[in-house]
Structure formats: structure tokens, C-alpha cells
2 protein chains.
Amino acid sequence: MPIGLSVEELKRVDELVAVRRPVKRGAALFHAGEKFTSLYAIRTGFFKTCVNTEDGRDQVTGFQMAGEIIGLDGIVNDQHTCDAIALEDAEVCILPFDRIEEISREVNALQHHVHKIMSREIVREHGVMLLLGSMRAEERLAAFLLNLVQRLQTRGFSKSDLVLRMTREEIGSYLGMKLETVSRTFSKFAEECMIEVSQRNIRILDADALKRIVNPPQHCH
Amino acid sequence: MPIGLSVEELKRVDELVAVRRPVKRGAALFHAGEKFTSLYAIRTGFFKTCVNTEDGRDQVTGFQMAGEIIGLDGIVNDQHTCDAIALEDAEVCILPFDRIEEISREVNALQHHVHKIMSREIVREHGVMLLLGSMRAEERLAAFLLNLVQRLQTRGFSKSDLVLRMTREEIGSYLGMKLETVSRTFSKFAEECMIEVSQRNIRILDADALKRIVNPPQHCH
DNA sequence: CGCGTCATTGATGTGCATCAAGTGGTGTGG
DNA sequence: CCACACCACTTGATGCACATCAATGACGCG
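The numbers attached to residues start from 1 for each chain and follow its sequence in the written order. Think of it this way: whatever chain is written first is A, whatever ligand is written first is 1, and the rest follow in order. The model is predicted, so local features are restricted to residues of pLDDT at least 70 and side-chain atom pairs to those at 80 or more, both for listing and for counting; the totals for chains, interfaces and linings are taken over all residues. Hydrogens and water molecules were not included; the side-chain quantities draw on all heavy atoms of the structure.

Asks: Explanation requested: the packing of aromatic side chains in the structure shown.
Replies: By convention here, two paired aromatic rings are described through the distance between centres and the angle between planes. Residue and element names in this part refer to chain A. Two rings from Phe, Tyr or Trp (for Trp, the six-membered ring) form a pair when their centres sit within 6.5 Å of each other. Planes less than 30 degrees apart are called stacked, planes more than 60 degrees apart edge-to-face, and all others tilted. In the structure shown here, the tally under the stated rule is 12 aromatic pairs over all chains. Here Phe63 and Tyr174 contribute two aromatic rings whose centre-to-centre distance is 5.3 Å and whose plane-to-plane angle is 65°, an arrangement assigned as edge-to-face. One end of the pair, Phe63, is in strand S5 (residues 58–65); the other, Tyr174, is in helix H5 (residues 168–175), with 111 residues separating them in the sequence. Accessibility assignment for this pair places Phe63 and Tyr174 in one class, buried. Chaining the aromatic ring pairs together yields one cluster made of Phe46, Phe63, Phe144 and Tyr174. The helix and strand labels rest on DSSP assignments: H or I over at least four residues marks a helix, E over at least two residues marks a strand, and numbering proceeds from the N terminus. To sort residues, take the accessible area from a 1.4 Å probe on protein chains only and compare it with the maximum for the residue type: under 20% means buried, over 50% means exposed, and anything in between is partly exposed.

Asks: Explain the protein's contact with DNA strand C to me, please; I cannot follow it from the model alone.
Replies: Each residue is tested against the molecule or strand, and it is near if at least one of its non-hydrogen atoms lies within 4 Å. Neighbouring residues of DNA strand C: 18 residues in total, closest A:Ala137, A:Thr181, B:Arg168, B:Arg184 and B:Ser187. Backbone atoms, meaning sugar and phosphate, make up 62% of the atoms of DNA strand C lying within 4 Å of the protein. Within the side chain of B:Ser187, one N or O atom sits 2.6 Å away from a phosphate oxygen of DNA strand C. Listing elements by their share of the surface near DNA strand C, those giving two or more residues are helix H6 (179–191) of chain A together with helix H6 (179–191) of chain B. By residue number, the principal contributor to the surface near DNA strand C is H6(B), which donates 5 residues. Of the residues in the surface near DNA strand C, the class split is 4 nonpolar, 6 polar and 8 charged. Any pair of N or O atoms that falls within 3.5 Å is considered a polar contact. Within protein, one atom must be able to donate a hydrogen and the other to accept it, and sequence-neighbouring residues count only if both atoms are side-chain atoms. Side-chain classes follow a simple rule in which Ala, Val, Leu, Ile, Met, Phe, Trp, Tyr, Cys and Pro form the nonpolar group, Asp, Glu, Lys and Arg form the charged group, and the remainder, Gly included, forms the polar group.

Asks: I would appreciate a short explanation of the protein's contact with DNA strand D in the present structure.
Replies: Neighbouring residues of DNA strand D: 16 residues in total, closest A:Ser183, A:Arg184, A:Ser187, B:Ala137 and B:Thr181. Among the atoms of DNA strand D close to the protein, meaning within 4 Å, 61% are from sugar or phosphate groups. Within the side chain of A:Arg200, an N or O atom sits 3.1 Å from a phosphate oxygen of DNA strand D. Residue B:Lys178 places a main-chain N or O atom 3.2 Å away from a phosphate oxygen belonging to DNA strand D. Sorting the residues of the surface near DNA strand D by element identifies H6 of chain A together with H6 of chain B as the ones contributing at least two each. Tallying contributions element by element places H6(A) first for the surface near DNA strand D, with 5 residues.

Asks: Help me understand the domain arrangement of chain A, please; the structure alone is not making it clear to me.
Replies: Frequently, the measure chosen for interface size is the accessible area that the parts lose on association. Residues and elements named next belong to chain A. Delimitation of the domains relies on an automatic or database domain assignment. When the domains of chain A are assigned, the result is domain 1 (7–129) and domain 2 (136–214). A C-alpha centroid distance of 25 Å is found between domain 1 and domain 2. The contact definition used throughout considers only heavy atoms, calling two residues in contact when any of these lie within 4.5 Å. Each partner contributes to the interface: domain 1 provides 16 residues, whereas domain 2 provides 11 residues. Between domain 1 and domain 2 lies a buried interface of about 1200 Å² when both sides are counted; carbon and sulfur atoms form 55% of it. A carboxyl oxygen of Asp or Glu within 4 Å of a side-chain nitrogen of Lys or Arg is what we treat as a salt bridge. Scanning the region where domain 1 abuts domain 2 turns up 4 salt bridges. Of the charged contacts in the structure, one is a salt bridge between Glu68 and Arg151, with a shortest N-O distance of 3.0 Å. For any pair of parts, buried area is found by adding up, for both, the accessible area (1.4 Å probe) each one loses once the two are put together.

Asks: Would you mind going over the interface of chain B and chain A with me for this structure?
Replies: Opposite the 48 residues of chain B that make contact, chain A presents 48 residues. Taken together, the two surfaces of chain B and chain A that pack against each other cover about 4500 Å², and 59% of this comes from carbon and sulfur. In this assembly, chain B and chain A are joined by 2 salt bridges. One salt bridge connects B:Arg57 with A:Glu139, and the closest N-O pair in it is separated by 3.0 Å. Here chain B and chain A share 28 residue pairs in polar contact (both at pLDDT 80 or more) between them. Counting only elements with at least two residues in the side of chain B that touches chain A, the list comes to strand S5 (58–65), helix H2 (97–106) and helix H3 (108–134) of chain B. Counting residues per element, the side of chain B that touches chain A draws most heavily on H3(B), which supplies 20 residues. Here the residues of the side of chain B that touches chain A are counted per class, giving 19 nonpolar, 17 polar and 12 charged.

Asks: Explain the sheet that holds strand S8 (residues 90–96) of chain A to me, please; I cannot follow it from the model alone.
Replies: Within a sheet, each strand pairs with its neighbour through backbone hydrogen bonds, oriented either parallel or antiparallel. All names here are of chain A. Any two strands are treated as partners once DSSP identifies two or more bridges connecting them. On the basis of which strands lie adjacent, the open sheet formed by 4 strands has the order S1-S8-S3-S6 and antiparallel pairing. Of all the strands in the sheet, just strand S1 (20–23) and strand S6 (69–70) have a single pairing partner and so form its edges. Relative to S6, strand S3 (residues 38–44) runs antiparallel, the two sharing 2 bridges. Counted as the bridge partner of Tyr40 is Ile70 from S6.

Asks: Just to check I follow, could you spell out the sheet that holds strand S2 (residues 28–30) of chain A for this structure?
Replies: All names here are of chain A. What the 4 strands build is an open sheet, ordered S2-S7-S4-S5; its pairing is antiparallel. Every other strand in the sheet has two partners, leaving S2 and S5 as the edge strands with one partner each. Neighbour-to-neighbour, the strand axes of this sheet turn through a mean angle of 30°, independent of strand direction. Summarising the sheet, strand S4 (residues 46–52) and strand S7 (residues 83–86) pair through 4 bridges and their orientation is antiparallel. Within the sheet, the bridge partner assigned to Phe47 lies in S7 and is Ala86. Every axis in this analysis is a line fitted to C-alpha atoms, fitted for helices over the stretch in contact. Angles between the N-to-C directions lie between 0 and 180 degrees.

Printed below as a string of C-alpha cells:
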């Protein structure tokens, strides 16, 4: 993950990511309440994380794909605070956290990398708070699609075609809206020729139009 | 901050927190876009952090009080991504981040402490996402009050009386509602004798009732 | 004292939730 | 291989929680 390491350092980091674990679609990588021991780096597959309340509500807090790290929430109390569920067959690297701390004392680049990963997650969540706190349904869904396709693109996938790995309900939970509203908003975007929707296959026809929805152009006052 | 350190370790950590900086009410500790160099530990006073969009919307992402750390969002891109504004005259310790990384390589307790602080922030934000994504106005405000009074209590303040340092609008921004709705909801709680409101002075008369609003009792099915 | 800021309260509007019915794709067992 | 059941999804009709608009009131400060 970090770059510009010496051979020696690379060896230390390599041993960290040695152990892998497959996770079947629908299975949990971990559950809220379980003891925290490791972070997980996604090698393949797609996950969601979600928190639950006693009274049965739950909230999807994120969708994670290859290259991303899951489990950071567990550090503070040595206990996971959310569920991580595979949305398709997946494989992760197990990164024992005490080993991470040990090695980052010696490999500065790893230390800084870990800090950046946690900081990035904090910044991402700020963005979600902005979305949940001040955007309307169309803006939320447009922002969601653009974010998803952008992340897929950096992984070498198409910047226009994507396959949703999650249900409308899961999207709705993440975006703070009901599945019917998600569906209607997809239909509206399709009507306006910004996207094509066929089941979970989405084709983005006019990314700029979506961007204009998220960031409506300034009107001069 | 961490505990159980040797004399030697304590000295290292002490030098970290040597420099202080006063911040006047209404002034910014930092702005989004500024270069990130340090974290800040609040010694006294009260802050808000907020992110802004190009189109002028903004979202309060948190309220911080004595003992809490601000600036974690800046690590990932060496640049702050939100504003930190003092809501009353305040004083912070400046914690140069490169020194933090340096010392945490030698003082394991500090290293782990830093990780916990970042993880705690991630978990806190999960809670806010749950609040914004799935709660109604009354639930949000009740949760907010309970959280605030709980944090004040651990700092030795009353568990029933508190003074809000922020405006209704700032509360609303944090909770994803308009200031009028915040005001109305306060009035409603007061009418139902759960709290007393007089300007920014709040007295909690029935904490259990507030808790029942946040976590409505299960109905057997 | 007068002005600006913040807060309260009422009247009205609307975006999204809720409730409900129906469609299509997928997997399973006879 | 087809019939059936199930699930995710779509779409329409209705309702409600909260936003919006507007007027007034309460502090605090120069």
C-alpha cells in the first residue's frame, strides 16, 4: 500500500498482509459487538457496513470495494461497532492490529499511511453528513452515483457503466431515504436521459447533468 | 492524555503539548483549505467544525469541548477540509503532527492513544449518520441534548443544567433541520415538562423521557 | 435609546414517506 | 421444462413532518 519502501521495510509490510480470508456473499466479515483484533483490506468483492439500534432501525454507513480498509471503528473500544456484510463473494486480507502498530513504529511510511487512511474515513463521513443534513433526494442520489462511478473508474472500470451490488433499500438506508424514493429518483433521472437503468445495471449518459444536480450553478444575486 | 507512562515517556509527551494558543470567540482556529501542520487539543472553550460547499451551503460536523481533539480531517491531504470556529473564548494546545508521529514511534501508549482518538471520531460520526439518516426531529434533538449533557457531566458539570454555546441555527445545521424546527421542538419538550428553556439555558427535568424519545420502547409483536 | 442578532410562534406549502397494487426476474421442486 | 413462490423493483394515491414565509418579541451592545 505505501510506496517508496526499502526492501527490508517491504518485507515487514508483506508479512502483515499474508493471511487471507474468503467471505461469501451475504456473510458477515464481522458483527457489531465482536472483539476487535484486525483490520481488513478488501482484495476482491464489495461490502457494506451498517450500525443498528436496539429498536431495530439500521443505517448503512458505507459501501467498500477493493483496496479499501474495513474495521477502523473497532479500535477505540476493542470491539466492532458495526456489521460488515459482503454484497458479493469477496476476499480480504487480515491485518492484525497489534502487528500494524508494531510495524508502524519502525516503518514511518506505514505509520503515516495508517493515519491517512483513518483521516480519509473521517473526511468521507463529513461528506456523508453534509449529504444527509442538507441535500435533497435527487442531489443525494446524484452524488452517490458520481462517487461510486469515480471510485470504480480509479480501479479501471468504465466511467459510464456500473453494476450496483446493493439493493434499492440499502442505497436508501445509506442516503437517508426510502427505497421507493430511490426507485422514483432513478426513474426521473432516466426520463431526463441522464442515466439508463435496467435492474442493477446503470449507464451514465450525462455525468455533467448529474454534477449540476449536486452543485447547482450559482445564480448571480 | 494517555496514562501509565514512565517518567521518561511523560517528558516526551509533555514537550508535545507545550505550546498554547488563545482563540477569541467567533475566530477560526483554522479554515478549510489551509495547510495542515498540527492537531489541537482544546484546553478551555467550545468549538464547532463545519464543512462548506461551493454553493454556499454548510454543515456543522461537530461541537467540541475541553479535552477533545480538532484537526484530524487535515491529515489525509495535508490540508484542512473544514473550519473550526470558537463559540466562546478558548485556548488550545498546538500539537505538531510530525512530532506526534515521531514520539508515538517511541511511546507505545501515545501511538495507541492517537489511534483510539481517530477511531472514536469515526464511531461518533457513524452515530451522527444514524441520527441524520433515520431519526425524526424530536429524536435528533433529544439525542443531541443527552449527548451534550453527558459530555459536560464527565467534565464535572451538572447533569441537568447546561448553557448552549451555539445558536439554534448551528444546532439545526448539525442535526439536519431548520432553526425554526429546533425552536419548536425545544418548546414542545418544555410544554411536556421534559426540559426548561430560557434562551440558551436548558434544564433537563426528565432525562428518562428524553431517552424514551430517542429509543422508543419496544412494542411486543 | 436604538439597532442588530437571535429566538419564538403562526400560517401555509411541499418533498418525501407511507400505503398499496402490480410487474419482472430468479430459483426451486414437481 | 414448466408452475409456482419469492424477492426486488416500479408506480400510483394519499398523508404528514418539516420547510418556508412572515410577523413579533427578547436581549445585548455601541
